[in-house]
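Take a look at the letters that make up each chain.
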Amino acid sequence: MIVAMHMSDGLVNVPTALAFGVVAALALAVALTRARADLDDRTAPMAGLVTAFVFAVQMINFPILPGASGHLLGGALVAILVGPWVGSVAIAIVLIVQSLLFADGGITALGMNIVNMAVLGVFIGYLVARGLRGLAVRGRGGLLATAFLAAFASTVVASLGFVAEYAIGGAAGAPLGTVFGLMVGLHALIGIGEGIITAATVGAVAAVRPDLVYLLRGTQRPPVLKPGAGSAAEGSAR
Amino acid sequence: MGAGHAHPLYLPRTSAVHGLPAEVKVVAAFLGVVCVVATPREAFAVFGGYLLLLALIWSIARIPPGWLSRRALIETPFVVLAVLLPITGPDPRIDWLGLSVSEPGLLGAWNILVKGTLGVLTSLTLAATTPLPELLLGLQRLRAPALVTTIATLMLRYVDVIVAEARRMRLARIARGHDPRFLWQVGATARGVGSLFIRSYERGERVHLAMLSRGWTGELPQLAERVTTRRDWLRGLAPVAVAAALACTGWVIA
C-alpha cells in the first residue's frame, strides 16, 4: 500500500500553489519561534534528532495484510510526544528534505504538503489529544484511546486539506464530490492503521519515560516512597 | 559535514551541472517546474519540448536516462487519481480503445500525469547533481532561517545513525521469531518505534552536551568560501529562460 499524501506538481494551478507556499512559510516561522520557547538552547540538537526520528519512522514498514504494508505519517505521534510546535517543525523539515533530495512530493506542491501534514496534521492531532487530556491522564487505556483518535482525526483532516486545495485551484476536471469521497474514504482507512500504530507507540513511550510525553507534562505526581514498600526492601536486604 | 554523507539519489560526476552552486539549481528547478505547471494542458507539443530540455541537461550532467526512469516511479500514488478521472469525469464522453471515457476527465488525467512526471524528473535531476553539504549551504545562501538549516544539518547527520538503529532492532525481532503479517500484529514493531523515540531523544540530549563542550554558540559556522558569481546564475537560469519561452509558446498555440 502506498500512502497517497505527498502531492505532486500539476495537481493545482500556480497561484494556488504559490499562495500555499506563503502560508506554509508563515506557519513555519511561527512554529520555529514557539519551538525555541519549548526547548530553549537545546532547540537545534533536540529538534534535529526528533526530525531524524520522524524520517527513520517513515522508513519502517508496518504489516497491514499479507503482501501489503504501510508506513507511519507521524503527525499526531510527534504532536503527542514533543508538542505541536517542535512536531510541526520536524515534519516540515522532513517534507523539505524529501522534496529536494528524494524527489518525493513536487517542488511547487511543497507549500501545500507542509500545510496539510506539518500544520493541519500535527495541530488537529494535538487539539484532539489536548481536548481528551482528561481521559489520557486517567490511565493507560485512556491514553491509548486518545492517541488513536488524535491520529485518526489528524490523517483524515490532512486529506481534507488536499480536498480544499483542490477545490480552490484544482487543475484537473474532476468533480469535487469524487475527489472528496476518494480521498476521505482512503484516508479514513489509512487513519485506522495510523491510529493503532500511534496508540501502541505512545503507550510504549509512556510506560518507560512518561516524563517525555509532551501531552502528559505537568500531570505526573512525584514518586512517593511508600512506607510499607521501604521496609519490605530492607527486610529482603538483610 | 565530512565525506561519506551522500544521499541515495546522488550521482557523483564532474560536470557543469554538478559544478553549479546548489542555490542556483534549487531556484532553477523551482522556476522550471512553475513554467511546466503554468503551461495549458492542451499544448501537447510543448511538454515534449520540456522533456527535450531536461534530456539536454541530463546529457550535460551525464545522468543515464534509465537511472532516472526507474526512480521516477515514486509519483505513482497520484496515478490512481489520474486513472479514475476519465472514468468518473463529466460529459461529453468519447470512445477510446473501446471504452467510453469522459473527455475533460481524460484531459485532466493527462494534465496530472505529464506535469507530475516532469516535476519528478526535475527534482531527480536536482537530487542527482547536488550532494548534501552543498544543498545545505545553498539553503543557507538562499536566506533560509538559520534554525531551519541547523536542524536540517543535524537531522541529515544523524538520520543514518537512527535508521541503522531501527534496522538493528528489526533484525533482533526477526532473530527472535517475529514475523508479523496483519495490522493487529503491529504491537512489537510499534513498541520498537517507542524505544527508538526514547533513544533518539536521549541521544539528542547527549549530542547537545557534546556540542556545548566543543564551544557551540547557537550558529553553524560557514565552512565554504566559494562565492556565487553572476556567471553561475546566468548559466543556471539559461534553461529556465528556455522553459519560460516554451510556456509562452504554449499559451499562444493553445
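Because the structure is predicted, anything quoted here is derived from the model rather than measured.

### Re the overall build of chain A
Counting secondary structure elements, chain A contains nine helices and two strands. When the helices and strands of chain A are placed in sequence order, the string is α-α-β-β-α-α-α-α-α-α-α. Counting only residues that meet the buried cut, chain A has 57% of its 238 residues in that class. Of the contacts made within chain A by residues no fewer than 6 positions apart, 75% connect residues no fewer than 24 positions apart. About 9,000 Å² of surface is accessible on chain A, with carbon and sulfur atoms providing 69% of the total.

### As for helix α3 (residues 75–82) of chain A
For α3 of chain A, the tally of buried residues reaches eight of eight residues, placing the bulk of the element in the interior. When α3 of chain A is considered as a whole, its buried residues turn out to be Gly-75, Ala-76, Leu-77, Val-78, Ala-79, Ile-80, Leu-81 and Val-82 of chain A. Contact partners of the buried residues in α3 of chain A: α2 (43–57), α4 (84–101), α5 (110–131), α7 (140–169) and α8 (176–208) of chain A together with α9 (187–213) of chain B.

### Quick word on the side chain of Asn-116 of chain A
By the secondary structure assignment, Asn-116 of chain A is in helix α5. The residues contacting Asn-116 of chain A, other than those within four sequence positions of it, are Met-7, Gly-121, Ala-158, Gly-161, Phe-162 and Glu-165 of chain A.

### What to know about the UniProt feature "transmembrane region" (unreviewed entry) in chain B
What UniProt calls "transmembrane region" (unreviewed entry) maps, in this numbering, to residues 43–60 of chain B. Spanning residues 43–60 of chain B, this segment combines 94% helix with 0% strand, and its end C-alpha atoms are found 27 Å apart.

### Topic: the packing of aromatic side chains
One pass over the full model with this rule turns up 10 aromatic pairs over all chains. Ring centres of Phe-148 of chain A and Phe-152 of chain A lie 6.5 Å apart, and the angle between their planes is 10 degrees; on these two criteria the pair is classed as stacked. Taken together, the residues Phe-148 of chain A and Phe-152 of chain A, both in helix α7 and four residues apart, mark about one turn of the helix. On the accessibility criterion, Phe-152 of chain A (28% relative accessible area) is partly exposed. Put simply, the rings of Phe-44, Phe-47, Tyr-50 and Trp-110 of chain B touch in pairs and so form one group of aromatic residues.

### Some remarks on the packing of α2 of chain A against helix α8 (residues 146–175) of chain B
Put simply, α2 of chain A and α8 of chain B touch, their axes get as near as 7 Å, and they point 50 degrees apart. The angle between α2 of chain A and α8 of chain B falls in the class oblique. Every pair of crossing elements has a handedness; the one defined by α2 of chain A and α8 of chain B is right-handed. Here α2 of chain A contributes Thr-43, Ala-44, Pro-45, Ala-47, Gly-48, Leu-49, Thr-51, Ala-52, Phe-53, Phe-55 and Ala-56 of chain A to the contact with α8 of chain B, which in turn contributes Leu-147, Thr-150, Ile-151, Leu-154, Met-155, Tyr-158, Val-159, Ile-162 and Val-163 of chain B.

### Structural notes on the interface of chain B and chain A
Contacts between chain B and chain A engage 73 residues on the former and 73 residues on the latter. Summed over both sides, the interface of chain B with chain A buries roughly 6,400 Å², with 82% coming from carbon and sulfur. Along the contact surface separating chain B from chain A lie one salt bridge. Inspection of the region where chain B meets chain A yields two residue pairs in polar contact (both at pLDDT 80 or more). Elements supplying a minimum of two residues to the side of chain B that touches chain A: α2 (22–38), α5 (76–88), α6 (103–129), α7 (132–141), α8 and α9 of chain B. Looking at the side of chain B that touches chain A, the element that brings in the most residues is α9 of chain B, giving 17 residues. Broken down by class, the residue content of the side of chain B that touches chain A amounts to 51 nonpolar, 15 polar and seven charged.

### A word on a nonpolar patch on the surface
Residues and elements named next belong to chain A. Together, Leu-189, Ile-192 and Ile-196 line one region of the surface with nonpolar side chains, adding up to about 260 Å² of accessible area. Its place among the elements puts Ile-196 in helix α8. With relative accessibility at 32%, the residue Ile-196 sits in the partly exposed group.

### Structural notes on the UniProt feature "transmembrane region" (unreviewed entry) in chain A
All names here are of chain A. Under the UniProt annotation, the feature "transmembrane region" (unreviewed entry) is placed at residues 47–65, 77–101, 107–129, 141–164 and 184–208. Secondary structure content for residues 47–65 is 58% helix and 21% strand, and the end C-alpha separation is 34 Å. Note that residues 107–129 is 87% helix and 0% strand, and that its end C-alpha atoms are spaced 32 Å apart.

### Some points on unusual backbone geometry
Residue and element names in this part refer to chain B. Here Arg-62, not a glycine, exhibits a phi torsion of approximately 55 degrees, which is positive. With respect to the helices, strands and loops of the structure, Arg-62 is situated in the loop between α3 (44–61) and α4 (65–71). Even without glycine at this site, Arg-143 takes up a positive phi of about 65 degrees. With relative accessibility at 74%, the residue Arg-143 sits in the exposed group.

### A closer look at the pattern of salt bridges
Within this structure, the stated rule accounts for six salt bridges over all chains. For Arg-209 of chain A, the salt bridge is made with Glu-202 of chain B, and the minimal N-O distance between the two is 2.4 Å. With Arg-209 of chain A in the loop between α8 and α9 (227–237) and Glu-202 of chain B in helix α9, this pair bridges two chains. Of the charged contacts in the structure, one is a salt bridge between Glu-165 of chain B and Arg-199 of chain B, with a shortest N-O distance of 3.3 Å. Remark: Arg-199 of chain B occurs in helix α9 and Glu-165 of chain B occurs in helix α8; sequence separation between them is 34 residues. A cluster of three or more residues bridged by salt bridges with shared partners is formed by Arg-209 and Asp-211 of chain A together with Glu-202 of chain B.

### Focus: the state of the cysteines
Chemically, a disulfide is nothing more than a covalent bond linking the sulfur atoms of two cysteines. All names here are of chain B. Overall, the coordinates contain zero disulfides over all chains when judged by the stated rule. Cys-35 takes part in no disulfide bond, and the closest cysteine sulfur to it belongs to Cys-248, at a distance of 7.9 Å. Of the residues examined, Cys-35 reaches a relative accessible area of 12% and is grouped as buried.

### Looking at the environment of Ala-167 of chain A
Relative to the assigned elements, Ala-167 of chain A resides in helix α7. Between the C-alpha atom of Ala-167 of chain A and that of Val-179 of chain A, which follows or precedes it by 12 residues, the distance is 9.3 Å.

What counts as what
- Residues numbered from 1 in each chain as written.
- Chains lettered and ligands numbered in written order.
- Predicted model: local features only at pLDDT ≥ 70, side-chain atom pairs only at ≥ 80, totals over all residues.
- Heavy atoms only, no water.
- Helix = DSSP H or I, 4+ residues; strand = E, 2+ residues; numbered from the N terminus.
- Buried < 20%, exposed > 50% of the residue type's maximum accessible area, 1.4 Å probe, protein only.
- Contact = heavy atoms within 4.5 Å.
- Areas by Shrake-Rupley, 256 points an atom, 1.4 Å probe, with all protein chains shown as cover.
- UniProt positions renumbered as here; feature names shortened; annotations may be inferred.
- Phe/Tyr/Trp six-rings, centres within 6.5 Å; stacked < 30°, edge-to-face > 60°.
- Axes fitted to C-alpha atoms, helices over the stretch in contact; angles between N-to-C directions.
- Parallel < 35°, antiparallel > 145°, perpendicular 65-115°, else oblique.
- Left-handed = near helix turned anticlockwise from the far one by under 90°.
- Buried area = accessible area lost by both parts, 1.4 Å probe.
- Salt bridge = Lys/Arg side-chain N within 4 Å of Asp/Glu carboxyl O.
- Polar contact = N/O pair within 3.5 Å; in protein donor to acceptor, adjacent residues only side chain to side chain.
- Nonpolar A, V, L, I, M, F, W, Y, C, P; charged D, E, K, R; others polar.
- Patch = residues over 30% accessible without salt bridge, like charges linked within 9 Å, V, L, I, M, F, W, Y side chains within 5 Å.
- Disulfide = S-S within 2.5 Å.

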